[in-house]
Amino acid sequence: MTEQNNLSSPLQTLSRREIPELVCSQLLALLEQGDLQGAKAILVPVQPPDIAEAIGSLPETMQALAFRLLSKGEAIEVYEYLDSSVQQLLIEEFKSQEVLDIVDKMSPDDRARLFDELPAKLVRRLRQQLSPSEWQATALLLGYEAGTAGRIMTPEYIALKESVTVTAALERIRALAPVTEIVYYLYVTDTARQLTGIVSLRDLVIAGPEQIVGEIMTREVVFVYTDTDQKEVARMIERYDFLAVPVVDSEQRLVGVITVDDVIDILEEEATKDIYALGGVQSGGDNYFQTNLLTVARKRVVWLFVLLITNTVTGTIIKSQEEILKQVVTLAAFIPLLTGTGGNVGAQSSTVVIRGLNTDDIRALGPAQVIWREGIAGAFLGAMLGAVATVWAFLLQGKFEVAVAVGISLVAISILASVAGSALPFLFRTLKLDPALMSAPFITTAVDVLGVLIYFNLARLILRL
């Protein structure tokens, strides 16, 4: 039984997550043994995305060797799925002609994404080797601002005229299909290249051969402009369940198409960026786990320094309450409980609001109603937590007044944290700042400082100090 059969059988029973791991381990073992034919054979039944992940998991010294086992057609397809750091490594390892064969055959949007990641010196070298038509297509995309529809679109689409027959349209599709990225939708333009309609491949197949495209096309076309934010494009494709959306310039001329696979990449990229930002980590768009550790520390330490400085304010407030703490020292035992709970409640509110801002789920409610709703939720949470905390504080310390102060403070801090957590994202968005990055440290600071003030003032009032 061959190595290929040994691999293809278990592939059918593995999850998509386990396949690259199995391929990587067997590929590494065969390459270390020098069995290149066996290594080439195990890649045959594997899909390009899984091959790319398996190669990316190999030691750097093995990546170029494994990539050379692929046929030219497979190499071009697999290369587009590789991480940018692996792509750069392969470019530096290969000869000029090998690089040219791969990069020249990439789709323009994938090539533009690659050029964004590569050093300028390497891009200039590749540019000189590209054919004029391929460089023109790539330069068109690189001319648009990063994060816009123009930057992520592909200019490889099929355009038709209203006056052509279905038979002629199908012949055009057969001729252009090998060099275009999408054939499910065909776009109808006039003599000035302005978008006038859309027709699906299904509509063409079921239409009569002599019907003209103008009779079966849909004139109400949903499209985006070249400067539309990529997050808005993703939401539009998700909302309408499109496979692709056309991109037009300011004069309504069709210039490109954005496909659903590009949108999935956008959603993953934006979600990763927001998650990093919520944790106070500035990702910068790089793969976090492939970034130099010194760079990682530098990115993470920024907001930690901010929190370090602001926490000194909390410490100063506690120090100023030395007199009351001397009289009722048990009050100090509950400070971490109150500030920790407030920070968690505020983080919950900011998380749901930031998510709602990104998905437009809260557009119908408006900022005031969202903040009011979160404030009420905070009151409910505070009441439940406060009741439990009051009983728990009394059982721990045996002082009823202190327990009441803890319980009431927890209610007030929960309301404060919910309001701050829901209001600050709206404020930062109005100021053109990233709500995900800015909200967490400011919520923590506000809740800590104001929470401690509320706690000690309520304690003074209840204990009559």
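One structure accompanies this document, and this report is about it. (Residues numbered from 1 in each chain as written. Predicted model: local features only at pLDDT ≥ 70, side-chain atom pairs only at ≥ 80, totals over all residues. Heavy atoms only, no water.)

**Brief notes about the overall build of the chain**
When its secondary structure is counted, the chain shows 23 helices and six strands. Computed over the C-alpha atoms, the radius of gyration of the chain is 30 Å, more than 25% above the 23 Å expected from 2.2 N^0.38 for a compact globule of 465 residues. Based on the C-alpha atoms only, the size of the chain along its principal axes is roughly 90 × 65 × 45 Å. When the 465 residues of the chain are sorted by exposure, 43% land in the buried category. (Helix = DSSP H or I, 4+ residues; strand = E, 2+ residues; numbered from the N terminus. Rg over C-alpha atoms; globule rule 2.2 N^0.38 Å. Buried < 20%, exposed > 50% of the residue type's maximum accessible area, 1.4 Å probe, protein only.)

**So, the pairing of strand S2 (residues 185-189)**
Within a regular strand, the side chains alternate between the two sheet faces. With five of five residues buried, S2 lies mostly within the body of the structure. At this point the chain moves from strand S1 (residues 159-160), through helix H13 (residues 166-176), to the parallel S2, and the crossover so formed is right-handed. Note: S2 against strand S3 (residues 195-200), five bridges, orientation antiparallel. Counterpart to Leu 186 in the pairing with S3 is Val 199. The turn joining S2 and S3, which pair antiparallel and follow one another in sequence, is formed by five residues; a positive phi near 65° is taken by Arg 193. (Right-handed = clockwise from strand over helix to strand, strands pointing away. Pairing = 2+ DSSP bridges.)

**Points about the packing of helix H9 (residues 108-117) against helix H11 (residues 132-142)**
The angle between the axes and the distance between the axes are what describe a pair of packed helices. Relative to each other, H9 and H11 sit at 65°, their axes nearing to 9 Å. By the angle between their axes, H9 is roughly perpendicular relative to H11. Taken as a pair, H9 and H11 cross one another with a handedness that is right-handed. Along the contact surface, H9 presents Pro 108, Asp 109, Arg 111, Ala 112, Phe 115 and Asp 116, while H11 presents Glu 134, Trp 135, Ala 137, Thr 138, Leu 141 and Leu 142. A breakdown of the residues in the contact of H9 with H11 according to their chemical character gives seven nonpolar, one polar and four charged. (Axes fitted to C-alpha atoms, helices over the stretch in contact; angles between N-to-C directions. Parallel < 35°, antiparallel > 145°, perpendicular 65-115°, else oblique. Left-handed = near helix turned anticlockwise from the far one by under 90°. Contact = heavy atoms within 4.5 Å. Nonpolar A, V, L, I, M, F, W, Y, C, P; charged D, E, K, R; others polar.)

**Digging into the environment of Leu 141**
Relative to the elements of secondary structure, Leu 141 occurs in helix H11. In this structure, the C-alpha to C-alpha distance between Leu 141 and Ile 152, residues 11 residues apart in sequence, is 7.1 Å. Setting aside anything within four residues of it in sequence, one finds Leu 141 in contact with Pro 108, Asp 109, Ala 112, Gly 150, Arg 151, Met 153 and Pro 155.

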